[in-house]
Amino acid sequence: MAAQKKLPFWADAILLPTLNLLAAFLVSGLVIWGLGEDPLEALSLMVDGAFGFQEGVGYTFYYATNFVFTGLAVSVAYHAGLFNIGGEGQAMLGGLGLTLAVFLVGDVSPVLAVLLAIVGAAAFGGAWAFIPAYLQAKRGSHVVITTIMFNFIASALLAYLLVGPLQRPGGQMPESADFPDGVSLMHLQDLFAMMGFTYESGPLNLSALIAVLCAVGVWFMLWRTRFGYELRVVGQNQNAARYAGISVTRMTVIAMMISGGLAGMMGLNELLGEQLRLLGNFTLGYGFVGIAVAFMGRNHPVGIVLAAMLFGALYQGGAELAFEMPNIQRDYIVLIQGLVILFAGAMEHLFRDPVERVFRHFSERRAA
Amino acid sequence: MEFFTDMILLMDSTLRTATPLVLAALAGLVAERSGIVDIGLEGKMLAAAFAAAAAAAVTGSPWMGMLAGVGASVFLALLHGWVSIAQRGNQIVSGMAINIAVAGLAPTLANFWFQKGGQTPLLGDEARFSTITLPFADALADVPVIGALYSELISGHNLITYLAAALIPLVAWMLYKTRFGLRLRAVGENPEAVDTAGISVTLLRYQAMVIAGVLCGLSGSVLSTGLGGGFIRDMSAGKGYLALAAMIFGRWKPVPTLLACLLFGFVDALQGRLQGVALPLIGEIPVQFTMMLPYVLTVVILAGFAGRMDAPKASGTPYEKDH
């Protein structure tokens with residue numbers, strides 16, 4: 001067989017993801033049609049709900065912020081050859097770390113509390129990823145199963161704390177007391193107002209900028225540092241890594257902890273930005289969305305930010321859709337996620353092979 | 001005597017909770033023995049639970065439910081097979097995608113068809129596999145020890161539980177005593193050799209996926225039409241993953257896998273019994289902690305048994321012929 005000619009960059013980075021996405025949307029549309037609704041009308045309702053008005057756009061970016069964190073989390077692990085499905089549990093623990101930090105120093109200094117909360121979120125999320133990572137590296141326990149188990153364990157742990165020691169005094173709901181006054185991340189409309197713009201008030205807050213910084217940081221770490229290079233070598237070929245003197249155990253554990261830390265920071269947006277208290281199951285499956293975001297974004301930070309915005313739009317638009325079309329609930333968005341993971345993550349060859357054939361055909365013709 | 005009755009009751013619910021686990025674990029075992037890692041057990045189970053409950057609710061027959069459940073599960077198994085075999089896709093990703101898609105699709109359809117917030121209607125007794133009282137169970141009930149063992153523990157389960165008990169030796173026999181089983185095991189260890197012998201790797205793997213689909217379909221059906229009386233959201237609750245862990249703990253062999261499933265079933269039954277009970281020294285354990293037990297056990301078991309070495313050698317890798 002002749003040496004395979006690589007696809008041009010644009011085909012690999014733009015054409016193929018678009019085709020995968022279209023296929024996933026096509027199936028999603030068929031389901032809407034099966035539910036007795038008009039797919040095109042549904043699409044226009046979603047686009048309008050996500051981008052049609054200022055508040056909608058704010059929510060789109062707000063959800064996108066969650067997905068940047070969880071998407072980066074999945075991709076850092078993936079570059080090290082690990083499939084971290086524990087984003088959900090790591091985010092819950094991150095939320096716990098954040099909350100503990102806030103209550104520890106919130107009354108002393110709000111600024112210190114916010115800084116400590118950021119550290120707490122990342123540290124607890126990373127710590128929750130440590131055990132599965134260690135077991136994978138040392139004992140060969142499959143990280144996929146252990147991280148899923150840690151999701152269930154985290155959920156039960158949070159449920160216990162929120163009806164027990166951390167419950168709001170006198171409260172009935174599984175939630176903590178409100179954070180002390182002033183311990184929160186600034187909302188972006190307030191920031192805009194300081195710069196002289198007015199923007200309708202919404203949930204979008206400084207975590208969006210933190211998320212973008214994380215994306216830049218992950219890019220720099222993976223492609224511009226020796227550490228990132230070693231991490232990717234471990235992901236590509238463990239034997240090669242061992243020959244090169246890289247400790248696979250060490251890289252596995254560190255990559256998973258960075259991954260868990262990123263997932264843990266999701267709580268910054270949800271809790272420190274918007275809810276201002278710890279809620280049971282505040283993660284709402286956002287950890288799992290990270291898988292779809294990472295595959296859709298080709299595991300590259302730029303792609304992840306774009307894919308996160310797509311999913312943010314899908315969530316916000318989906319909420320509007322569920323409001324307008326009675327046969328469509330929010331569960332439907334979960335289906336789209338699954339389909340995107342299937343088409344973009346597992347059925348890559350479906351379009352890659354034909355597209356490569358077409359390109360080879362044309363390049364041979366030119367050569368002849 | 002009270003302790004004895006307690007133990008019988010505990011073992012009785014162990015058998016019940018182990019049923020869906022062992023069926024799913026056997027499904028995973030057949031798939032992995034053929035070289036396909038199937039982390040989509042969870043999704044197949046959930047899909048089957050939904051399809052079975054929906055069909056049983058509409059037709060009033062648990063048999064139609066079972067047929068629909070198995071059908072849904074086989075369809076997903078073949079989809080996973082197609083992605084893994086023909087598309088040479090990442091099998092873990094494909095399995096997760098199926099799990100997530102089903103978690104969204106099942107409640108969406110349930111809501112569309114039944115308008116009950118993502119559930120199916122409660123099934124009446126005629127639409128479920130209700131408990132079967134074995135012959136002489138009533139007559140023997142008063143005989144000491146044996147009576148309790150027979151009429152409480154062995155009698156009084158639903159049909160699928162008995163079916164599962166029959167399927168375990170059947171699957172073991174198929175794997176180890178038939179030509180098909182030999183080929184199936186070979187294709188998971190060394191597909192090149194099977195191919196060289198002129199046997200189709202592709203066909204064998206698809207066949208394995210159909211068997212896995214049927215077993216997993218039964219597992220889901222028992223959840224919603226045997227143990228439960230209808231489909232509820234997320235009713236598989238990680239059982240597909242527990243089954244996978246049991247299979248690894250059972251080192252990809254039927255009998256040890258059965259024992260692992262019984263252990264998981266026992267822990268699950270135990271956690272049900274522990275709720276609200278004050279233990280000596282420790283006192284009452286908060287319900288959230290008892291609920292964690294099966295998941296913690298899974299991690300401990302996986303940590304204690306570095307099992308990867310025993311996995312079929314070719315599992316997880318797509319087979320590509322050299323050109």
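Above this text sits the structure in question.
Calculation rules
- Residues numbered from 1 in each chain as written.
- Chains lettered and ligands numbered in written order.
- Predicted model: local features only at pLDDT ≥ 70, side-chain atom pairs only at ≥ 80, totals over all residues.
- Heavy atoms only, no water.
- Phe/Tyr/Trp six-rings, centres within 6.5 Å; stacked < 30°, edge-to-face > 60°.
- Helix = DSSP H or I, 4+ residues; strand = E, 2+ residues; numbered from the N terminus.
- Buried < 20%, exposed > 50% of the residue type's maximum accessible area, 1.4 Å probe, protein only.
- Contact = heavy atoms within 4.5 Å.
- Buried area = accessible area lost by both parts, 1.4 Å probe.
- Salt bridge = Lys/Arg side-chain N within 4 Å of Asp/Glu carboxyl O.
- Axes fitted to C-alpha atoms, helices over the stretch in contact; angles between N-to-C directions.
- Parallel < 35°, antiparallel > 145°, perpendicular 65-115°, else oblique.
- Left-handed = near helix turned anticlockwise from the far one by under 90°.
- Nonpolar A, V, L, I, M, F, W, Y, C, P; charged D, E, K, R; others polar.

A. Spotlight on the packing of aromatic side chains. Residue and element names in this part refer to chain A. As enumerated under the stated definition, the model contains 22 aromatic pairs over all chains in all. Consider the rings of Y78 and F295, whose centres lie 5.2 Å apart with planes at 80°: the pair is edge-to-face. Taken together, the residues span a long stretch of sequence, with Y78 in helix α3 (residues 54-79) and F295 in helix α13 (residues 286-296) at a distance of 217 residues. Overall, Y78 belongs to the partly exposed group, its relative accessible area being 28%.

B. Region of the structure containing the interface of chain B and chain A. Facing 47 residues of chain B, the contacting portion of chain A comprises 46 residues. At the boundary of chain B with chain A, total buried surface from both sides reaches about 3,800 Å², with 77% on carbon and sulfur atoms. The three residues of chain B that bury the most area against chain A are V93, I100 and F112 of chain B, which together make up 15% of that side's buried surface. Between the two partners, chain B and chain A, sit two salt bridges.

C. Quick look at the environment of R185 of chain B. All names here are of chain B. Mapped onto the elements, R185 comes out in helix α8 (residues 179-189). Look at R185 and you get partly exposed, because its relative accessible area is 21%. In sequence terms R185 and R33 are 152 residues apart; their C-alpha atoms lie 5.4 Å from each other. Aside from chain neighbours lying at most four places away, what touches R185 is R33, L175 and Y176.

D. Representation of the packing of α3 of chain A against helix α8 (residues 207-224) of chain A in the model. All names here are of chain A. In contact at an axis separation of 9 Å, α3 and α8 are set at 15° when each is read in the N-to-C sense. By the angle between their directions, the pair α3 and α8 is classed as roughly parallel. Judged by the twist between their axes, the crossing of α3 over α8 is left-handed. Residues T65, V68, F69, L72, V76 and H79 of α3 touch α8, and the partners they reach there are S207, A208, I210, A211, C214, A215, V218, M221, L222 and W223. Grouping the constituent residues of the contact of α3 with α8 by class yields 13 nonpolar, three polar and no charged.

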